[in-house]
Amino acid sequence: MKIIADENMPNAQRLFSHFGDVELVNGRSLTHEQVKSADVLLVRSVTKVTRELIEGSSVRFVGSATIGVDHIDLAYLSEHNIAFSSAPGCNADAVTDYVFSGLSHLYMTKGLRWLSKKIGIIGYGNVGKKVYERFAQLGCQVCVYDPLKMGSDSTVNFVSLNDVLACDVISLHAPLSRSGAYPTENMLAERELEALKPGVAIISAGRGGVINEDALIKKYQQLKGDMHLVLDVWHREPVINQQLVAIVDIATPHIAGYSKQGREKGSWMVYKALCQYLKQDICSERKQDAISSGAISVIEIKGEGCREEVLARSVQAIYDVARDDVRLRYKYREDKEKNVFDWLRKHYVERDELHTCFIHSNQADLSRLHDAIGFKSYNK
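Please read all numbers here as calculations on a predicted model, not as lab measurements.

Quick look at the overall build of the chain
Inference 1: A tally of helices and strands in the chain yields 16 helices and 14 strands.
Inference 2: Whereas a compact globule of 380 residues would reach a radius of gyration of roughly 21 Å, the chain reaches 21 Å, a difference of no more than 12%.
Inference 3: Put simply, the chain has 380 residues, and 55% of those count as buried.
Inference 4: Summarising the internal contacts of the chain: among those between residues at least 6 apart in sequence, 62% fall at separations of at least 24.
Inference 5: For the chain, the exposed surface amounts to about 16,600 Å²; the carbon and sulfur share of it is 47%.
Inference 6: Separation of charge centres in the chain, based on 47 positive and 48 negative side chains, amounts to 1 Å.

A short note on the packing of helix α5 (residues 92-110) against helix α6 (residues 126-137)
Inference 1: Packing of α5 against α6 brings their axes to within 8 Å, and their N-to-C directions diverge by 50°. Taken as axis vectors, α5 and α6 run oblique relative to one another. For the pair α5 and α6, the sense of crossing is right-handed. Contacts from A92, D93, V95, T96, D97, V99, F100 and L103 in α5 reach N126, V127, K130, V131, R134 and F135 in α6.
Inference 2: Split into classes, the residues belonging to the contact of α5 with α6 amount to eight nonpolar, two polar and four charged.

Examining the nonpolar core
Inference 1: Judged by nonpolar contacts, the single largest core of 50 residues is most densely connected at Y98, L103, W114, F135, L138, I373 and F375.
Inference 2: Of all the secondary-structure elements, those providing two or more residues to this core are α5, β6 (118-122), α6, β7 (141-145), β9 (200-204), α13 (307-318) and α16 (364-373).
Inference 3: Broken down by element, this core gets its largest block of residues, seven residues, from α5.
Inference 4: When sequence neighbours within four positions are dropped, the list of residues in contact with I373 reads F100, W114, R134, L138, L311, V315 and L354.
Inference 5: In this structure, C167, A174, L229 and I240 belong to the second largest nonpolar core, which totals 39 residues.

What about the domain arrangement of the chain?
Inference 1: Segmentation of the chain into domains returns domain 1 (2-86), domain 2 (91-251) and domain 3 (298-378).
Inference 2: The gap between the C-alpha centroids of domain 1 and domain 2 is 31 Å.
Inference 3: Contacts between domain 1 and domain 2 engage five residues on the former and six residues on the latter.
Inference 4: A buried area of about 460 Å², summed over both sides, lies between domain 1 and domain 2, and 49% of it is on carbon and sulfur atoms.
Inference 5: Interface area lost by domain 1 to domain 2 is led by R28, I67 and D70, which between them contribute 87%.
Inference 6: Measuring nitrogen to oxygen at the nearest pair gives 3.2 Å for the salt bridge that ties D70 to R207.
Inference 7: The interface formed by domain 1 and domain 2 holds one residue pair in polar contact (both at pLDDT 80 or more) in total.
Inference 8: Per-class residue counts for the side of domain 1 that touches domain 2 are one nonpolar, two polar and two charged.

Considering the sheet that holds β7
Hydrogen bonds between backbone groups are what pair the strands of a sheet, and the pairing can be parallel or antiparallel.
Inference 1: Read across the open sheet, the six strands follow the order β7-β6-β8-β9-β10-β11; overall the sheet is parallel. Because the sheet does not close on itself, it has two edges, and the strands there are β7 and β11 (250-251).
Inference 2: Two elements, β9 and strand β10 (residues 227-231), share five bridges in a ladder whose sense is parallel. Residue pairing across strands places I202 opposite L229, the latter belonging to β10.
Inference 3: Across the sheet, helix α9 (residues 213-222) is in contact with β9 and β10; its angle to β10 comes to roughly 155°.

Some remarks on the packing of α13 against α16
Any two packed helices are characterised by how steeply their axes cross, that is the angle between the axes, and by the distance between the axes.
Inference 1: For the pair α13 and α16, interaxial distance at closest approach is 11 Å and the crossing angle is 55°. When the interaxial angle is binned, α13 and α16 end up oblique. The interaxial crossing formed by α13 with α16 has right-handed handedness. Where α13 abuts α16, its residues R307, V310, L311, S314 and V315 lie against D365, L366, L369, H370 and I373.
Inference 2: Broken down by class, the residue content of the contact of α13 with α16 amounts to six nonpolar, two polar and two charged.

Describing empty space enclosed by the protein
Inference 1: All told, the structure shown has three cavities of 30 Å³ or more when counted by the stated rule.
Inference 2: Considered as a void within the structure, the largest cavity measures approximately 60 Å³ in volume.
Inference 3: Contributing to the lining of the largest cavity are 13 residues, with S204, I211, E213, L231 and V233 lying nearest its centre.
Inference 4: Its residues placed into classes, the lining of the largest cavity shows seven nonpolar, four polar and two charged.
Inference 5: If you go around the second largest cavity, the residues you meet are P253, D324, R327, L328, L344 and Y348.
Inference 6: For the lining of the second largest cavity, the leading source of residues is helix α14 (residues 322-334), giving three residues.
Inference 7: Among the residues making up the lining of the second largest cavity, the classes are represented as four nonpolar, no polar and two charged.

Some details on the layout of surface pockets
Empty space left among the atoms is revealed by rolling a probe the size of a water molecule over them.
Inference 1: Estimated volume of the largest pocket: approximately 880 Å³.
Inference 2: I67, H173, A174, P175 and L176 are the residues nearest the centre of the largest pocket, which is lined by 48 residues in total.
Inference 3: Elements with a minimum of two residues in the lining of the largest pocket: α6 and α11 (260-278).
Inference 4: Per-element tally for the lining of the largest pocket: the top contributor is α6, with three residues.
Inference 5: Among the residues forming the lining of the largest pocket, the class breakdown is 24 nonpolar, 16 polar and eight charged.
Inference 6: Around the second largest pocket, the lining comprises 19 residues; the ones closest to its centre are S45, K48, D70, R207 and E237.

Scoring rules and cut-offs
Residues numbered from 1 in each chain as written. Predicted model: local features only at pLDDT ≥ 70, side-chain atom pairs only at ≥ 80, totals over all residues. Heavy atoms only, no water. Helix = DSSP H or I, 4+ residues; strand = E, 2+ residues; numbered from the N terminus. Rg over C-alpha atoms; globule rule 2.2 N^0.38 Å. Buried < 20%, exposed > 50% of the residue type's maximum accessible area, 1.4 Å probe, protein only. Contact = heavy atoms within 4.5 Å. Areas by Shrake-Rupley, 256 points an atom, 1.4 Å probe, with all protein chains shown as cover. Lys, Arg positive; Asp, Glu negative; His and termini not counted. Charge placed at Lys NZ, Arg CZ, Asp CG, Glu CD. Axes fitted to C-alpha atoms, helices over the stretch in contact; angles between N-to-C directions. Parallel < 35°, antiparallel > 145°, perpendicular 65-115°, else oblique. Left-handed = near helix turned anticlockwise from the far one by under 90°. Nonpolar A, V, L, I, M, F, W, Y, C, P; charged D, E, K, R; others polar. Core = buried A, V, L, I, M, F, W, Y, C linked by side-chain atoms within 4.5 Å. Domains from an automatic or database assignment. Buried area = accessible area lost by both parts, 1.4 Å probe. Salt bridge = Lys/Arg side-chain N within 4 Å of Asp/Glu carboxyl O. Polar contact = N/O pair within 3.5 Å; in protein donor to acceptor, adjacent residues only side chain to side chain. Pairing = 2+ DSSP bridges. 1 Å grid on protein atoms, 1.4 Å probe; cavity = no way out; pocket = protein on both sides within 12 Å on 5 of 7 lines; lining within 4 Å. Points joined across faces, edges and corners; volume = space filled by probe spheres on them.

If you want it as structure tokens, here you go:
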């Protein structure tokens, strides 16, 4: 069996080599010639799996180690009886950690006291749900807009898009869609962005193209810069809008879900799906070390400073999103790489998820807050 796998897919050789020969490739530049003799194709979101890529090939199984499927021609796969599996939810913790690292940065650099703010979330999929739950557990006033999920859970505060746009903090986690009853491409364009209030914080860690970037720049100018922006996704990736980069607080190259554990979970979920497709047992030896433990095991909390500061110090000890922003800006200034965006993703400096670290504090309220934001505590 021949397996073609994206070179940025963690543990690909170790997990899949017992099925057959594994060839690692550049997912962005993958060609039909490379794929035509493969039996299994394993990709990430940078690879467009289209008719042109796999027609006439021997591919019978496609696995995407990502949560989204907008890069996959699902209709073609179904028509040609090609099995498919993705990894929904694999990076939900990682993206949620990114959101709170972004807020931690905004507090540390601009004094944004977000715990008392009204929080709005767009999209209630695996990631949006996780973000919503953490804000709710922190005691924040939180609401969510997702017309496809509206009313699905009476415990969730579903609201209109206008209600979310009136919030102080807006976190975007909608998939990119161009058809259907509620297409999301350019969902936040000039008319919608008019509703934003001065001082609003926007965190975009879903898909590029949901926000109209020209309209966002225009609104920023109208507010005279009184806006906080944390952007991980861009409309024309891997080309990014440098005019927009110049005004945002944090700019990162679509790596919100790139935690070590999140990416490993994606590979593991696809591995399990391939085992099921091939009717083979899951190898216990591979399962044992498929997901890594964290590099920092314990943080001792002294409780000095306001709640946002205490949380920010803890979060940034595990993952400070500013490091990814600095690295992006430096590499674009240096301009030595042919494709800076993909180079940054390929050579990403790995990070752990918050839940890999235990919190020790003798203050019950601080322990509760750290539990809510994603850490583990000794008293659990």
